[in-house]
Structures are given as structure tokens and as C-alpha cells.
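# Architecture at a glance
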Amino acid sequence: MAFPSVYEMTNPLTTVRKQHFWEYFSGATLNSRWTLTDVNGGTSGAMSDDVDGGYKISFSTQSSAWGGVTFNNKRPFSHLGSVVIGDVKKTFGTGAGGGHFGFSGTIDTSQGQTATCQFDSGQDANFALRTEAASGSSTPSSMVLDENWHSTEIHVQSSSVDLTIDGTVEVTRSTTLPTTSMQPIYYGIKRSTDAGDYISIRYCEAYNT
């Protein structure tokens, strides 16, 4: 007896599905598709020893510590039509800084070619949508920053980018949109010298539309 593939269970065989992946950030080690990059020093990463804790990126007491995970510049997702979804949170206490989740064309501090959900108290008091080609900016949502898990979705289209948080479309931007193919990215920036700051991710999904 032949068993259907996962693809056959969710798609008609007449349809060729585009690039699509998902990650639950479980187990003892980070999946090899991801690369942890310590961009500006002072960051490290490990699977969390907590129920549904996902992957934790921790920061030393070094101010301006900056680092995160990407596909190591493998960029299979289109700037003309793609979606990235993630369950993310930050744990920074009273310290300044936070995380950025979404798509990017780079893995350095330029933040070029990005479409990300920004939850960084050093840049805005609210969750925000940042888009950038060679330069860019961010637009805040109605949601004040907190330290809870949130489901975030970035929908990149040819003429706009939408940010959805916990099922509600919060921000749409139509300027400074990325102009190259992109990779999933999750990184954080520390803007103080206190101890114990980290960001976490427990689910990521991305696909071309």
C-alpha cells in the first residue's frame, strides 16, 4: 500500500507548490538550515530548557550587542510576493533594546533589504513594521511593547508590505520596500549594559505566494 506524502495530503497533485518551509524550534540543537551570526559581539544562542520555550538568543552586558539567526544569505523568498510567520517574544526587563523578525537580504548591521516586525524599545514604544531597501524607516502599530509571545506575520507584495499581529492587520507600508530576494531573519539589538536580556522564537514559517 502506498502512503501519500505530506504534500499530497494538503495539495492537489495538479498544483506545484512554491518554496515553503516551517520550523518548530524544538529538540536539542538548532536545525542546520539556520546560522547564528554574532554580528556585533555579545550574543549567543541555544535551545531553551522550558516547555515551548523555542530557541533563545541571549545578550551579554555589552552595549550594542547584536546578533541573530538567518539562512546564511541563502535567499529563496521573493520581494514581489512572500509571507513569513513567527511566534516571538523579548525578555528585556527594564533594559533597552529588543528583536526584529521577518525577511532580510543581509545579515549585517546595515538592515538593508528588510521587511520586519520591530519590537525594539530603542526605536519605538510600540510594535512596528520596518521596511528598507538601501534606506528605510518604520511605522508603529497600535500595540504597546510587552514581553509576551505574539504571532507576527509579514506579507510582502509588489507594492506594499503588511504586518499582522495576533490575527489583526496592524500596519501597511508602501514606501522603502525591499527590492531583492530575501531570507528569514530573527535578530536582536541590546542598547544597555544590564544583564539577563534575550529574545525567543518558537515557530517560523515562510513561503512564496
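Look up: the structure comes first, before these words.
Predicted model, so just to flag it, every value in this text is computed and none were measured.

### A few points about the overall build of the protein
Scanning the protein from N- to C-terminus turns up one helix and 15 strands. For the protein, whose C-alpha radius of gyration is 17 Å, the value lies close to the compact-globule estimate of 17 Å for 209 residues. If one aligns the C-alpha atoms of the protein with their principal axes, the spans along those axes are about 60 × 40 × 30 Å. Per-residue burial over the protein gives 48% buried out of 209 residues. Taking the intrachain contacts of the protein between residues at least 6 apart in sequence as the baseline, contacts between residues at least 24 apart amount to 64%. Counting only carbon and sulfur atoms, one obtains 51% of the accessible surface of the protein, whose full area is about 9,500 Å². Positive and negative side-chain charges of the protein, numbering 13 and 20 respectively, have mean locations separated by a distance of 5 Å.

### Some thoughts on the environment of Ile 85
Relative to the helices and strands, Ile 85 is located in strand β6 (residues 81-91). Distance in space between the C-alpha atoms of Ile 85 and Tyr 203 is 7.8 Å, their sequence separation being 118 residues. Setting aside chain neighbours within four positions, we find Ile 85 in contact with Phe 101, Ser 151, Thr 152, Glu 153, Tyr 203, Cys 204, Glu 205 and Tyr 207.

### Section: the packing of aromatic side chains
Centre distance and the angle of the planes are the two values used to describe a pair of aromatic rings. Inspection of every chain in the model, using the stated rule, returns twelve aromatic pairs. On the numbers, 6.1 Å between centres and 65° between planes, the contact of Phe 101 with Tyr 186 is edge-to-face. Here Phe 101, found in strand β7 (residues 97-104), pairs with Tyr 186, found in strand β14 (residues 183-190); they are 85 residues apart in sequence, far enough to count as distant. Classification of Phe 101 by relative accessible area gives buried; the value is 1%. Among the aromatic residues, those joined into a ring-pair cluster are Phe 21, Phe 25, Trp 34, Phe 71, Phe 77 and Phe 103.

### Overview of the sheet that holds β14
If you walk across this open sheet you meet the seven strands as β2-β5-β14-β7-β8-β9-β10, and the pairing is antiparallel. Edge positions in the sheet fall to β2 (35-37) and β10 (136-144), since each has one partner strand and no second. Ignoring which end each strand starts from, the neighbouring axes of this sheet average 20° apart. Both strand β9 (residues 126-132) and β10 contribute to a ladder of six bridges, which runs antiparallel. Bridge pairing links Asn 126 to Val 144 in β10.

### Thoughts on the pairing of strand β4 (residues 55-59)
The alternating pattern of β4 places Tyr 55, Ile 57 and Phe 59 on a buried face, while none of Lys 56 and Ser 58, on the opposite face, is buried. In this sheet, β4 lies alongside strand β3 (residues 43-47) in antiparallel orientation, the contact comprising five bridges. Each bridged residue has a counterpart across the sheet, and for Gly 45 the counterpart in β4 is Ile 57. As paired strands, β4 and strand β15 (residues 198-208) are joined by four bridges and run antiparallel to one another. The residue of β15 that forms the bridge with Ile 57 is Ile 199.

### Notes on the pattern of salt bridges
Under the defined criterion, the tally for this structure stands at six salt bridges. Here Lys 190 ties to Asp 194 by a salt bridge, and the two come within 3.2 Å at their closest N and O atoms. Relative accessible area serves as the criterion here: at 0%, Lys 190 is assigned to the buried category. What makes Asp 194 partly exposed here is its relative accessible area of 24%.

### Here we look at unusual backbone geometry
Positive phi is not limited to glycine here, since Asp 52 has a value of about 55°. With respect to the helices and strands, the residue Asp 52 is situated in the loop between β3 and β4. Residue Asp 52 is classed as exposed on the basis of its relative accessible area of 55%.

Definitions and limits used
- Residues numbered from 1 in each chain as written.
- Predicted model: local features only at pLDDT ≥ 70, side-chain atom pairs only at ≥ 80, totals over all residues.
- Heavy atoms only, no water.
- Helix = DSSP H or I, 4+ residues; strand = E, 2+ residues; numbered from the N terminus.
- Rg over C-alpha atoms; globule rule 2.2 N^0.38 Å.
- Buried < 20%, exposed > 50% of the residue type's maximum accessible area, 1.4 Å probe, protein only.
- Contact = heavy atoms within 4.5 Å.
- Areas by Shrake-Rupley, 256 points an atom, 1.4 Å probe, with all protein chains shown as cover.
- Lys, Arg positive; Asp, Glu negative; His and termini not counted.
- Charge placed at Lys NZ, Arg CZ, Asp CG, Glu CD.
- Phe/Tyr/Trp six-rings, centres within 6.5 Å; stacked < 30°, edge-to-face > 60°.
- Pairing = 2+ DSSP bridges.
- Axes fitted to C-alpha atoms, helices over the stretch in contact; angles between N-to-C directions.
- Salt bridge = Lys/Arg side-chain N within 4 Å of Asp/Glu carboxyl O.

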